[in-house]
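Structural features, examined
Each chain is listed here by its residues.
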Amino acid sequence: MNITVRNLSMTYPTGKRALQDVSFEMQSPDLIGLLGPNGAGKSTLMKLLVAELLPTTGEIRLDDAPLIKNERRLKATLGYLPQSFGLYDELTVWQFLDYISALKGIKNSRAAIEEAILETNLVEQQKMRISTLSGGQRQRVGIAQALLGSPKLLILDEPTVGLDPEERVNFRNLFSKTAEDKIVLLSTHIIEDVQSVCNRLIVINQGKILFDGTPDALIRVAQGHVGVFEEQSGDRREQGFQVTARINTARGIACRIVAEMLPTFANPVEPTLEDAYIYLIEKGERLP
Ligand code: ADP
Ligand code: MG
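Residues numbered from 1 in each chain as written. Chains lettered and ligands numbered in written order. Predicted model: local features only at pLDDT ≥ 70, side-chain atom pairs only at ≥ 80, totals over all residues. Heavy atoms only, no water.

**Let's talk about the site of ligand 1**
The following threshold applies: A molecule or strand has a residue near it when one of that residue's heavy atoms lies within 4 Å. For the purposes of these results, a polar contact is taken to be a pair of N or O atoms within 3.5 Å, where, inside protein, one atom must be able to donate a hydrogen and its partner to accept one; residues adjacent in sequence count only when each atom of the pair is a side-chain atom. Reported accessibility uses the Shrake-Rupley method at a 1.4 Å probe radius. Residues are deemed covered only where the shown protein chains occlude them. As a working rule, the residues Ala, Val, Leu, Ile, Met, Phe, Trp, Tyr, Cys and Pro are called nonpolar, Asp, Glu, Lys and Arg charged, and the rest polar, with Gly in that last group.
Neighbouring ligand 1 are Tyr12, Thr14, Lys16, Ala18, Pro37, Asn38, Gly39, Ala40, Gly41, Lys42, Ser43 and Thr44. The backbone of Ala40 places a nitrogen or oxygen atom 3.1 Å from an oxygen atom of ligand 1. The side chain of Thr44 places a nitrogen or oxygen atom 2.5 Å from an oxygen atom of ligand 1. Protein coverage of the free-state accessible area of ligand 1, which is 560 Å², stands at 66%. Looking at the shell around ligand 1, its residues break down into 4 nonpolar, 6 polar and 2 charged.

**Some remarks on the coordination of the magnesium ion (ligand 2)**
Our working definition: Only N, O and S atoms count as donors, using a 2.8 Å limit from the metal and a wider 3.2 Å limit for Na, K and Ca, and since water is excluded some coordination spheres may look unfilled. Each helix is a run of DSSP H or I of at least 4 residues and each strand a run of E of at least 2, with the numbering of both proceeding from the N terminus. When accessible area is computed with a 1.4 Å probe and restricted to protein chains, residues below 20% of their type maximum are described as buried, those above 50% as exposed, and intermediate ones as partly exposed.
Coordination sphere of the magnesium ion (ligand 2), protein contribution only: Ser43 (OG) and Gln83 (OE1), at 2.1 Å. Of the two residues, Ser43 sits in helix 1 (residues 42-49) while Gln83 sits in the loop between strand 6 (78-81) and helix 3 (93-104), which places them 40 residues apart along the sequence. For Ser43, a relative accessible area of 17% puts it in the buried group. The exposure class assigned to Gln83 is partly exposed, which follows from its relative accessible area of 44%.

**What to know about the sheet that holds strand 10 (residues 208-213)**
Think of a sheet as strands paired side by side through backbone hydrogen bonds, with each pair either parallel or antiparallel. For clarity, the cut-off: Only when DSSP finds a minimum of two bridges between them are two strands counted as paired. Helix axes use the C-alpha atoms of the stretch in contact, all axes being lines fitted to C-alpha atoms, and the angles between their N-to-C directions lie in the range 0 to 180 degrees. The contact rule is simple, with two residues in contact once any of their heavy atoms fall within 4.5 Å.
Judged by pairing direction, the sheet is mixed, and its 6 strands sit side by side in the order 6-7-8-3-9-10 without closing on themselves. The strands lining the two open edges of the sheet, one partner per strand, are strand 6 and strand 10. The average undirected angle you get between the axes of adjacent strands in this sheet is 15°. When strand 3 (residues 30-35) meets strand 8 (residues 183-188), the two strands line up parallel, connected through 6 bridges. When the bridges of strand 8 are listed, Gly33 appears paired with Leu186. Contacts from helix 9 (residues 273-283) reach strand 3, strand 9 (200-205) and strand 10, with the element oriented near 35° to strand 9.

**Comments concerning the environment of Glu180**
Position of Glu180 among the secondary structure elements: in the loop between helix 6 (165-178) and strand 8. Judged by relative accessible area, Glu180 falls into the exposed class, the value being 61%. Taking the C-alpha atoms as reference points, Glu180 and Pro29, 151 residues apart in sequence, are found 5.9 Å from one another.

**Overview of the sheet that holds strand 13 (residues 252-258)**
An order of 12-13-11-14 is seen for the 4 strands of this open sheet, with the pairing classed as antiparallel. Every interior strand has two partners, whereas the edge strands, strand 12 (242-249) and strand 14 (267-268), have only one. Relative to strand 14, strand 11 (residues 226-231) runs antiparallel, the two being bridged by 2 bridges. By the bridge assignment for strand 14, Gly227 is matched with Pro268.

**Points about the packing of helix 3 against helix 5 (residues 135-147)**
The criterion, for reference: Convention used here: angles under 35 degrees read as roughly parallel, angles over 145 as roughly antiparallel, angles from 65 to 115 as roughly perpendicular, and any remaining angle as oblique. For any pair of crossing helices, the crossing counts as left-handed if the nearer helix is rotated counterclockwise from the farther one by less than a right angle, and right-handed if it is rotated clockwise.
Across the interface, helix 3 lies against helix 5 with an axial gap of 10 Å and an inter-helix angle of 30°. Compared by their axis directions, helix 3 and helix 5 come out roughly parallel. Helix 5 is crossed by helix 3, and the crossing has right-handed handedness. Between helix 3 and helix 5, the residues in contact are Val93, Phe96, Leu97, Ile100 and Lys104 and Val141, Ala144, Gln145 and Ala146, respectively.

**Some thoughts on the domain arrangement of the protein**
For the record, the criterion: Boundaries between domains were set according to an automatic or database domain assignment.
The domain boundaries assigned to the protein delineate domain 1 (2-77 + 152-212), domain 2 (88-142) and domain 3 (224-269). Taking only C-alpha atoms into account, the centre of domain 1 sits 35 Å from that of domain 3.

This is the structure we're talking about:
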């Protein structure tokens, strides 16, 4: 499967320009993390990819046909977790998944539901009403409905919101296991969620792509722009850089900073993915 996004722009009726001239391609297998701060345009991009919204200009092609002419094929291959969606509170987990699989036209629905329940660790909750579930459990029901029928294209909008650390680890494992022959695009503003699983990261801010490449390549972008120094009491040197961490050490407080030009009193260190992300967002232009 191939998805090509060409010169996509989206302006809402309010006049808000949510996406500006976005182009990229996805080819299975691809496990892509879509990173960006709140309001960057992540959800808008995802809604365009699932044909819930139509772009103002530009186009999306699915296997070389326009997405809008290919909607039936899209629906048959798509699993989508919207950022916020109403679950049917009165239904049990099983009933809800049964309902969704009927909507999706899944043939062997019983087996598909069982598999999705196993994968998302909802065996104990399957007969419970959705209204009685915790936030994290509800989020897992949302992930389960996206996974129903093993879709070849998975679009997950902030799937880890509301999950506790253990659930997040489980989710990451599930995600890398199921991704082998799929295109998976997941949005998040939590770096750890994409760090170990995604082979590719797309960073967007203010409706524009700032980076598209491997996690290692993103780290390289920040090389020479990350340093540490020891903070002195009443320090007035904090100018022209962004402090990303303050760590108490035996000798005092170590400050970790990201800057376009490292000050002379800072010692350069290897960037982490988080440093690189902060550097990129601060810089605000496409790199490398
Ligand atoms: P993200 O998912 O990255 O937080 P969104 O795609 O939801 O970002 O939003 C991008 C921008 O578009 C934001 O400024 C948001 O306020 C605006 N926006 C989103 N949805 C609408 C809408 N339906 N009408 C007008 N503006 C919107
Ligand atoms: Mg969003």
